[in-house]
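A structural walkthrough
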Amino acid sequence: MNRVPDTELVKIPGGTLLTDSPEEGRALAFAIARHTVHNIQPDLDVLVAGRPKYATTPESLIAASQVVAIEFQTIAAANNYWRS
C-alpha cells in the first residue's frame, strides 16, 4: 500500500486549536479536514483514484466545504472568537 506519510496522520496539526487570527484558524480548519480524510483513507492510490470524481462533483465540493466550516466553528469557539 502506498500510505500517506505519518506526518499527515495527526489529528490536530500543531497539536492545538489556538491560533492568533481568524485567517490562521481557517487555515487550520482546512488542515484538519485534510488530515481527517488521510486518517480515514491512508492509501494514497485510493485517494488519488477517487479525486477526479469528488473534485468535479458539486455535491462533493459542498460537503467538503461543510466539513471545513464545522472545523472552523470549533476552532473559533476554542479561540473565544478572537476577542480579548
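See the structure printed just above.
Residues numbered from 1 in each chain as written. Predicted model: local features only at pLDDT ≥ 70, side-chain atom pairs only at ≥ 80, totals over all residues. Heavy atoms only, no water.

1. Focus on the packing of aromatic side chains
Taken as a whole and judged by the stated rule, the model has zero aromatic pairs. A cation sits over an aromatic face here: Arg26 above Phe72, 5.9 Å from the ring centre. (Phe/Tyr/Trp six-rings, centres within 6.5 Å; stacked < 30°, edge-to-face > 60°. Lys NZ or Arg CZ within 6 Å of the ring centre and 35° of its normal.)

2. Comments concerning the side chain of Glu71
Mapped onto the elements of the fold, Glu71 is located in helix α3 (residues 58–78). Buried and unpaired, Glu71 has no salt bridge, with Arg26 as the nearest side chain of opposite charge at 10 Å. (Helix = DSSP H or I, 4+ residues; strand = E, 2+ residues; numbered from the N terminus. Buried < 20%, exposed > 50% of the residue type's maximum accessible area, 1.4 Å probe, protein only. Lys, Arg positive; Asp, Glu negative; His and termini not counted. Salt bridge = Lys/Arg side-chain N within 4 Å of Asp/Glu carboxyl O.)

3. Focus on the environment of Trp82
Here Trp82 is to be found in the segment after α3. Along the sequence, Trp82 and Leu18 sit 64 residues apart, while their C-alpha atoms lie 9.6 Å from each other. For Trp82, the contacting residues outside a window of four places in its chain are Thr19, Asp20, Ser21, Pro22, Gly25, Phe72, Ile75 and Ala76. (Contact = heavy atoms within 4.5 Å.)

4. Description of helix α1 (residues 22–40)
Side chains that are three or four residues apart share a direction in an α-helix, a result of its 3.6 residues per turn. The end-to-end C-alpha separation of α1 is 27 Å, in line with the 27 Å expected for 19 residues at 1.5 Å each. Along α1, the residues classified as buried are Gly25, Leu28, Ala29, Ala31, Ile32, Ala33, His35 and His38. Packing partners of the buried residues in α1 comprise α2 (44–54) and α3. (Expected span 1.5 Å × (residues − 1).)

5. What to know about the side chain of His35
On the secondary structure map, His35 appears in helix α1. Among residues more than four places away in sequence, those in contact with His35 are Thr7, Glu8, Leu9, Val10 and Pro13.

6. Describing the nonpolar core
Core analysis: the biggest nonpolar cluster contains six residues, these being Leu28, Ala29, Ile32, Ala33, Val68 and Ile75. Secondary structure elements with two or more residues in this core: α1 and α3. The greatest single-element share of this core, amounting to four residues, is contributed by α1. The residues touching Ala33, leaving out its near neighbours within four places in the chain, are Val67 and Val68. (Core = buried A, V, L, I, M, F, W, Y, C linked by side-chain atoms within 4.5 Å.)

7. Quick notes on α3
Taking 1.5 Å of rise per residue, the 21 residues of α3 would be expected to cover 30 Å, and the 30 Å separating its terminal C-alpha atoms lies within 8% of that figure. Three or more residues of α3 are buried, namely Val68, Glu71, Ile75 and Ala76. When α3 is viewed along its axis, its buried side chains cluster within an angular range of 140° and face the same direction. Summarising the geometry of α3, the exposed residues directed more than 90 degrees from the buried face are Pro58, Glu59, Ile70 and Gln73. If you follow the buried residues of α3, they end up packed against α1. Two residues or fewer past α3, Asn80 is found with a positive phi of approximately 50°. (Arc of directions from axis to C-beta.)

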